[in-house]
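A look at the structure
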There are 2 protein chains.
Amino acid sequence: MTRVRVNLFVSLDGFTSATDNSPDNPMGEDWGRLAAGHIATRTFRERVFGDTSGAGTTGVDDRYTAAFFEGVGAEIMGAGMFGLHAFPGDPEWKGWWGDRPPFGTPVYVLTNTLRRQDWSKPAPPGGYPYRVVPRPSIPMEGGTTFHFRSGAIEDVLAEAADAAGGLDVRVGGGVGTARAFLRAGLVDDLHLMVAPIVLGRGTGLWDDLGGLDLTHKVTSEVGESGTIHVTFTR
Amino acid sequence: MTRVRVNLFVSLDGFTSATDNSPDNPMGEDWGRLAAGHIATRTFRERVFGDTSGAGTTGVDDRYTAAFFEGVGAEIMGAGMFGLHAFPGDPEWKGWWGDRPPFGTPVYVLTNTLRRQDWSKPAPPGGYPYRVVPRPSIPMEGGTTFHFRSGAIEDVLAEAADAAGGLDVRVGGGVGTARAFLRAGLVDDLHLMVAPIVLGRGTGLWDDLGGLDLTHKVTSEVGESGTIHVTFTR
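Residues numbered from 1 in each chain as written. Chains lettered and ligands numbered in written order. Predicted model: local features only at pLDDT ≥ 70, side-chain atom pairs only at ≥ 80, totals over all residues. Heavy atoms only, no water.

An unreviewed UniProt entry lists chain A under the name Dihydrofolate reductase family protein, with Nocardia tengchongensis given as the organism.

In structure tokens, the structure reads:
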């Protein structure tokens with residue numbers, strides 16, 4: 001049974017990441033502080049850095065990080081997380097996840113830049129007609145293929161769930177995309193990695209999520225990094 | 001050495017209590033959900049309800065609740081927490097903490113209603129003069145005496161620290177008062193009891209507290225009630 005999961009990094013004061021990201025530093029400078037406990041784990045070092053030396057933490061944080069990487073059959077992300085906004089007009093741009101993105105699954109990128117005005121015709125009285133210009137899918141090394149979709153999130157989720165082949169669908173982010181799925185009641189498992197820091201700035205996670213504890217069961221556990229793992233499950 | 005401490009209840013989404021409190025329900029209806037883990041402890045039941053049956057939880061939550069009640073020599077609170085706004089014109093009103101308030105120490109209530117216009121004189125060109133009408137202190141059963149002060153928070157803190165006789169001064173609340181002391185850098189120990197609920201409304205705790213993790217050491221621990229105890233200590 002496919003479940004829909006979201007994993008997010010958040011500060012004690014509810015910010016998911018600073019708003020200071022840029023093409024040069026796509027995660028923003030505070031992301032490393034938010035994700036420090038995750039990055040320090042042995043599983044993360046092995047899966048993302050290719051470090052097979054066995055270095056890294058192996059406790060509570062690593063258990064959550066291992067679960068993070070397991071059982072995902074398809075991913076959904078916003079255009080910003082793919083990096084579409086960095087070079088929106090470059091058809092050769094393949095996002096900022098490198099030649100071998102860490103997903104290894106189909107990745108559905110939500111974007112409305114599929115729609116373009118049809119400049120070949122004069123503007124009619126009702127305004128310009130639009131036509132859909134499909135952005136071609138991009139197969140990458142390691143099993144990741146990026147697909148671009150502009151439909152309703154429910155429709156994209158249905159397609160991703162089909163592609164996941166019984167595994168889970170992760171809504172990877174950014175936080176705006178994750179919140180859209182949460183608000184729509186589409187998320188079965190939310191895992192928050194609450195870093196022991198007070199950022200004081202960033203994108204707020206909690207707006208509009210009041211009462212999530214009434215629809216989902218809440219658990220909390222503190223990792224050796226000081227990260228508080230809070231899960232919401234239904 | 002007197003330390004200044006704050007203990008606050010807060011939801012996962014950073015709200016300290018709902019804004020629905022009233023004279024009939026001075027804590028607001030969500031306070032019970034925020035403080036459920038604290039109220040369920042054996043120590044709280046004994047200290048506040050007078051329940052000596054031994055009922056109540058005795059684990060992590062109780063350890064924090066016991067510390068909550070220990071070592072406080074003086075308390076500071078805002079006028080709203082005392083209940084001054086409920087009956088501001090009634091000189092007989094002694095607040096809503098009952099005949100035997102749970103503090104057992106001097107309690108300094110911050111208020112600016114000490115100042116009254118001197119209606120006995122005609123208004124001079126520069127406007128009405130004000131005179132300070134001291135609100136008399138109120139001794140209560142059980143060792144609590146309420147004092148009313150309108151000075152700078154630093155001055156009130158200095159007086160409370162003198163009165164504490166080497167024990168700690170607690171800034172009890174409400175959250176506006178606690179935040180004023182936090183913003184001014186006057187708090188040595190902040191203990192947050194983060195309830196596993198997403199209130200979605202209330203008074204925000206975190207505004208203006210960015211970087212508190214840089215001046216204070218942070219610890220986190222999860223109690224059997226699901227309450228996450230987060231401490232900031234310097």
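Our focus in this paragraph is the pairing of strand β7 (residues 145-149) of chain A. All names here are of chain A. Pairing of strand β3 (residues 106-110) with β7 involves five bridges; the strand directions are parallel. When the bridges of β7 are listed, leucine 110 appears paired with arginine 149. Direction of pairing for strand β6 (residues 138-139) relative to β7: antiparallel, over a ladder of two bridges. The residue of β7 that forms the bridge with proline 139 is threonine 145. (Pairing = 2+ DSSP bridges. Helix = DSSP H or I, 4+ residues; strand = E, 2+ residues; numbered from the N terminus.)

Grouped together as the largest cluster of nonpolar side chains are 67 residues, with contacts concentrated most on Leu192 and Phe232 of chain A together with Leu192 of chain B. Look past the residues within four positions of leucine 192 of chain A in its chain and what remains in contact with it is Leu8, Val10, Leu205, Trp206, Ile228, His229, Val230 and Phe232 of chain A. (Core = buried A, V, L, I, M, F, W, Y, C linked by side-chain atoms within 4.5 Å. Buried < 20%, exposed > 50% of the residue type's maximum accessible area, 1.4 Å probe, protein only. Contact = heavy atoms within 4.5 Å.)

This part takes up the pattern of salt bridges. Residues and elements named next belong to chain A. Tallying each qualifying case throughout the model produces 18 salt bridges over all chains. The closest approach of N and O atoms between aspartate 168 and arginine 5, which form a salt bridge, is 3.1 Å. Note that aspartate 168 is positioned in strand β8 (residues 168-173) and arginine 5 in strand β1 (residues 4-11), a separation of 163 residues in sequence. (Salt bridge = Lys/Arg side-chain N within 4 Å of Asp/Glu carboxyl O.)

The strands that make up a sheet pair up through hydrogen bonds in the backbone, lying either parallel or antiparallel. Residue and element names in this part refer to chain B. Taking strand neighbours across the sheet as the criterion, the nine strands line up as β6-β7-β3-β2-β8-β1-β9-β11-β10 in an open arrangement whose pairing is mixed. Pairing within the sheet leaves two strands with one partner each, and these edge strands are β6 (138-139) and β10 (217-222). Relative to strand β3 (residues 106-110), strand β2 (residues 72-78) is paired through four bridges, and the arrangement is parallel. Its bridge partner being in β3, methionine 77 is matched across the sheet by valine 109.

All names here are of chain B. With respect to the helices and strands, glutamate 141 occurs in the loop between β6 and β7 (145-149). Each C-alpha atom, one on glutamate 141 and one on proline 102, is 9.6 Å from the other, the two residues being 39 residues apart in sequence. The residues contacting glutamate 141, other than those within four sequence positions of it, are Asp99, Arg100 and Pro101.

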